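Here is how the chains run, residue by residue.
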Amino acid sequence: MAAAMEPAIILVRPQMGENIGAAARAMLNFGLTDMRLVAPRDGWPNPKAVAMASGAAGRVLDHARVFPTLAEAMADVDYAYATTARGRELTKPVLTPASAMADARDRVVQGGRVALIFGPERAGLENEDVARASAIITVPVNPDFPSLNLAQAVLLAGYEWARDSLPAQPAPHGSRPDGEAPATRLEIEKLADHWEERLGEAGFFFPPEKAPAMKLTLRNLWSRLLLTRADTRIFHGMLRQLIRRG
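To keep things clear, this report deals only with the structure shown in the data block. Everything numeric in this text was worked out from a predicted model, so none of it was measured.

1. With respect to the environment of Ser223
Positionally, Ser223 belongs in helix H8 (residues 211–224). A C-alpha to C-alpha distance of 40 Å links Ser223 and Leu156, two positions 67 residues apart in sequence. Looking at Ser223, its side chain comes within polar contact range of the main-chain oxygen of Asn220, at 2.9 Å.

Below you can see the structure in the form of structure tokens.
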């Protein structure tokens, strides 16, 4: 989605640059780039955030905006969700990440601007922060240990936001490096031919009357393995090295 249609991710008084960087990585995993920082404790920019963000630094951190107050960070926001395990004494809808992001998508389609608000690592959002939001997101986790770190919370929300547009398979064929792509039938045939030839030269198929059955078994073994193109190259290389040393 275009930047105007994605949720703004607002980090309120974040304490550690590493956590800001990790949150940026979590954002970009799901195509989110609008990061807003409210009074970061260690100032901005922060080299530790850049180091942790890795490839997300240029896409997210370089464009992050800093605001002195949450109210200013929310100036263009129509509807905001505060992520917190507390604040239930405030009268607001309390949603799971999944239901909140389904609601957010509906609001965006209608032209609204939404934001997700995350609190500082140690104590989370204060009630004064939560009061500015329209709804609360609470993750249904183990009640004996409900704590999530900042990047985990951003990752969960980002996943739920993007889940309908994510690839159906974890690693679509078109995005794999060539070596990780499944070996073709022809590549498997060539690998089987290579091994059969060299094993024959080494006298492996003995006695002669059993050779056809042994070759059939070996051919069936190769076709049964789920080999990648990189795997076939390794098996070819192994055999060549053995021949050289023979």
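2. Let's talk about unusual backbone geometry
In this chain, Trp44 is followed by Pro45 through a cis amide linkage whose omega measures 5°. Residue placement: Pro45 occurs in the loop between strand S2 (35–38) and helix H2 (47–53). Backbone torsion omega between Phe206 and Pro207 reads 0°, so that peptide bond is classified as cis. Mapped onto the elements, Pro207 comes out in the loop between helix H7 (185–201) and H8.

3. Some details on the pairing of strand S4 (residues 79–83)
Extensive coverage of S4 is indicated by the burial of 5 of its 5 residues. Neither face of S4 is left uncovered, since the one carrying Tyr79, Tyr81 and Thr83 and the one carrying Ala80 and Ala82 both have all their residues buried. Note that S4 and strand S6 (residues 114–118) share 4 bridges and pair parallel. Each bridged residue has a counterpart across the sheet, and for Ala80 the counterpart in S6 is Ala115. With 3 bridges joining them, S4 and strand S7 (residues 135–137) adopt parallel strand pairing. Paired with Ala82 across the strands is Ile136, a residue of S7.

4. What to know about the sheet that holds S2
Sheet architecture is open: 7 strands sit in the order S3-S2-S1-S6-S4-S7-S5, paired in parallel fashion. Edge positions in the open sheet fall to strand S3 (65–67) and strand S5 (94–95), since each of these has one partner strand only. Across 3 bridges, the pairing between S2 and S3 is parallel. When the bridges of S3 are listed, Val38 appears paired with Phe67.

The rules behind these values
Residues numbered from 1 in each chain as written. Predicted model: local features only at pLDDT ≥ 70, side-chain atom pairs only at ≥ 80, totals over all residues. Heavy atoms only, no water. Helix = DSSP H or I, 4+ residues; strand = E, 2+ residues; numbered from the N terminus. Polar contact = N/O pair within 3.5 Å; in protein donor to acceptor, adjacent residues only side chain to side chain. Buried < 20%, exposed > 50% of the residue type's maximum accessible area, 1.4 Å probe, protein only. Pairing = 2+ DSSP bridges.

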